[in-house]
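# Coordinate inspection notes
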Amino acid sequence: MTKAALPQHGQSWEEIEALMRAKAQGDVKWREGRTGLYVFNAGPDVERVQKAAYAMFSAENGLGPAAFPSLAQMEREVVAIGLGLLNAPGGAAGAMTSGGTDSIFMAVKTARDHARTKRKLKEPMNLVIPFTAHPAFDKAAAVMDLEVRRVPVNDLLADVAAMEAAIDEATLLIAGSAPCFPYGLIDPIEALAEVAQRKGVWMHVDACVGGYLAPFVRMEGAPLPPFDFAVPGVSSISGDLHKYGYASKGASTVFFRSNDLREYMPFDAGPWPMGRMVTPTLAGTRPGGAIAAAWAVMHFLGVDGYREKQRAVVSAREKIEAGAARLGFRVLGKPQLGILAFTHDSVDPLQVHAKMMQRGWFTAANLEPRSIHLMLSPKHNEVAEQYLADLEASLRDVSPATAPSAATYAN
Ligand SMILES: *Cc1c(COP(=O)(O)O)cnc(C)c1O
């Protein structure tokens with residue numbers, strides 16, 4: 001990075017806004033629905049609520065609940081609604097964090113401090129997670145000097161027997177995803193939780209990308225397996241508001257089966273000149289805007305609104321699954337939520353993916369197995385046919401069977 005001078009003179013908002021709009025020209029056109037990554041596009045009505053609520057509380061600070069009882073109350077209400085959606089028992093507890101990585105970090109930290117008091121674990125402690133678990137676990141482990149044991153999956157799902165075999169006297173926690181990000185598949189949470197209970201280890205469910213989607217998809221009638229606090233051995237759950245909760249970025253939730261568990265989460269630091277500093281999570285200053293926007297969107301949509309948005313997500317997924325299968329792609333596993341991945345047995349899916357990127361579809365891909373990845377939003381239900389038409393064209397571009405070969409032209 002080179003150094004740059006701060007402009008000597010300030011500029012007007014109009015000038016600055018124009019500069020920023022010019023910068024944004026090069027960004028993906030997610031509002032048109034051609035982005036299947038990073039953004040959850042629930043439409044302009046939700047975006048307007050997010051922005052207005054964020055702006056109202058953008059200077060306020062969640063670090064000071066006594067100064068801002070409004071934020072403290074909104075956070076309590078958001079957490080309480082999340083607990084309700086995830087079938088938490090009475091006495092369960094949770095907190096808002098800045099994102100999924102933060103929520104997973106706090107769950108691991110809480111499990112560790114609980115274990116130090118309540119269990120006699122050898123150190124370094126280890127985490128036993130499926131190959132498909134999010135790298136946030138590795139980050140938490142790196143910071144807390146824990147060992148990560150990634151266990152190969154079985155049919156793309158957490159291999160319960162192999163994970164059980166990887167547990168030893170130093171195992172702090174096991175985890176499953178609902179769903180995992182790479183394939184959008186829900187791990188066998190009940191079986192994992194049964195192992196966790198039997199072995200006396202903490203069980204975390206990473207529902208970062210499913211926590212605010214699955215409950216509504218289930219209300220719409222999909223036969224989802226139990227994945228939340230309805231499963232007895234589940235100790236904690238992470239669920240991101242800034243994903244399928246359609247909140248502004250910087251908002252997630254972490255939940256614990258009981259307040260006795262949650263009590264190991266806060267930091268009690270100091271003393272320093274101001275005494276002790278007790279904070280619920282890693283953050284000091286916490287953005288009031290992110291808390292307010294999450295609260296506002298939840299109340300803007302309600303159960304009816306979420307059901308409608310999530311129905312559109314599932315409908316988009318079903319259209320694309322069917323269309324991709326017609327083109328000879330093979331969907332990985334049986335996705336039930338908003339993420340799917342599909343591969344192809346005779347062309348390289350990553351080459352097709354590159355062609356799709358050229359056609360303006362900004363989406364992710366998997367290397368194991370090589371496959372195209374889509375994280376769908378309600379908006380994608382409107383553009384699914386367009387996507388499939390481009391997928392067909394991209395497939396033709398790279399397909400040796402149908403593309404005219406060089407030899408054909410030579411003749
Ligand atoms: C997105 C995601 C995370 C991480 O969340 P961030 O908000 O990006 O930090 C963790 N786990 C899963 C399954 C996710 O999809």
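Conventions used here
Residues numbered from 1 in each chain as written. Predicted model: local features only at pLDDT ≥ 70, side-chain atom pairs only at ≥ 80, totals over all residues. Heavy atoms only, no water. Salt bridge = Lys/Arg side-chain N within 4 Å of Asp/Glu carboxyl O. Helix = DSSP H or I, 4+ residues; strand = E, 2+ residues; numbered from the N terminus. Buried < 20%, exposed > 50% of the residue type's maximum accessible area, 1.4 Å probe, protein only. Near = heavy atom within 4 Å. Polar contact = N/O pair within 3.5 Å; in protein donor to acceptor, adjacent residues only side chain to side chain. Nonpolar A, V, L, I, M, F, W, Y, C, P; charged D, E, K, R; others polar. Axes fitted to C-alpha atoms, helices over the stretch in contact; angles between N-to-C directions. Parallel < 35°, antiparallel > 145°, perpendicular 65-115°, else oblique. Left-handed = near helix turned anticlockwise from the far one by under 90°. Contact = heavy atoms within 4.5 Å. Domains from an automatic or database assignment. Buried area = accessible area lost by both parts, 1.4 Å probe. Disulfide = S-S within 2.5 Å. Patch = residues over 30% accessible without salt bridge, like charges linked within 9 Å, V, L, I, M, F, W, Y side chains within 5 Å. Areas by Shrake-Rupley, 256 points an atom, 1.4 Å probe, with all protein chains shown as cover.

One pass over the structure, following the stated rule, counts 25 salt bridges. As a salt-bridge pair, Lys-122 and Glu-169 come within 3.0 Å of each other at their nearest N and O atoms. Remark: Glu-169 occurs in the loop between helix H6 (160-166) and strand E4 (171-177) and Lys-122 occurs in the loop between helix H4 (100-118) and strand E2 (126-130); sequence separation between them is 47 residues. Relative accessible area serves as the criterion here: at 46%, Glu-169 is assigned to the partly exposed category. Close ionic contact of Arg-198 with Glu-194 constitutes a salt bridge, the shortest N to O distance being 2.9 Å. Residue Arg-198 and its partner Glu-194 are located together in helix H7 (residues 189-199), separated by four residues, close to a single helical turn. Here Glu-194 falls in the partly exposed class, since its relative accessible area comes to 39%.

All right, on to the environment of Gly-360 then. Checked against the element boundaries, Gly-360 lands in the loop between helix H11 (349-358) and strand E12 (364-367). For Gly-360, a relative accessible area of 37% puts it in the partly exposed group. A sequence separation of 325 residues divides Gly-360 from Thr-35, and the C-alpha atoms of the two residues are 8.3 Å apart.

Below, the discussion takes up the site of the ligand. Around the ligand, 13 residues are found, and the nearest of them are Gly-100, Thr-101, Asp-206, His-242 and Lys-243. Asp-206 is positioned with one of its side-chain polar atoms (N or O) 2.6 Å from a nitrogen atom of the ligand. Here the element with the most residues in the shell around the ligand is H4; it accounts for three residues. Grouping the amino acids of the shell around the ligand by side-chain chemistry returns five nonpolar, five polar and three charged.

Now for the packing of H4 against helix H5 (residues 136-144). It is the contact of H4 with H5, at a shortest axis distance of 9 Å, that shows an interaxial angle of 50°. By the angle between their axes, H4 is oblique relative to H5. The two elements H4 and H5 meet at a crossing, and its hand is right-handed. For the pair formed by H4 and H5, the contact residues are Thr-101, Ile-104, Phe-105, Val-108, Lys-109 and Arg-112 on the first element and Ala-136, Phe-137, Lys-139, Ala-140, Val-143 and Met-144 on the second.

This next bit is on the side chain of Thr-171. Locating Thr-171 in the fold gives a position in strand E4. In this structure the side chain of Thr-171 is engaged in a polar contact, spanning 2.8 Å, whose partner is the side chain of Asn-126. In terms of polar contacts, Thr-171 uses its side chain to reach the backbone amide nitrogen of Asp-168, at 2.9 Å. Once residues lying within four places of it in the same chain are set aside, the contact partners of Thr-171 are Arg-119, Leu-121, Asn-126, Val-128, Arg-149, Ala-166 and Val-201.

How big an interface is tends to be reported as the loss of accessible area on association of its parts. By domain assignment, the protein separates into domain 1 (52-297) and domain 2 (302-398). Taking the mean C-alpha position of each, domain 1 and domain 2 sit 28 Å from one another. Counting residues at the interface gives 25 residues for domain 1 and 25 residues for domain 2. Both sides of the domain 1 and domain 2 interface together cover about 2,200 Å² of buried area, and 66% of this is carbon and sulfur. If you sort the residues of domain 1 by the area they bury against domain 2, Tyr-183, Phe-216 and Glu-220 come out on top, with a joint share of 25%. Where domain 1 touches domain 2, the interface holds two salt bridges. Where Arg-311 meets Glu-220, a salt bridge forms, and the shortest distance between an N and an O atom there is 3.1 Å.

Turning our attention to the state of the cysteines. Taken as a whole and assessed by the stated rule, the structure comprises zero disulfides. A disulfide-free cysteine, Cys-180 has its sulfur positioned 13 Å from the sulfur of Cys-208, the nearest such atom. Among the residues examined, Cys-180 registers a relative accessible area of 1% and is labelled buried. The exposure class of Cys-208 is buried, given its relative accessible area of 6%.

This part is about a nonpolar patch on the surface. Judged by side-chain polarity, Leu-63, Trp-272, Met-274 and Met-277 come together as a nonpolar surface patch covering roughly 430 Å² of accessible area. For Trp-272, the position within the fold is in strand E8 (residues 267-272). Here Trp-272 falls in the partly exposed class, since its relative accessible area comes to 48%.

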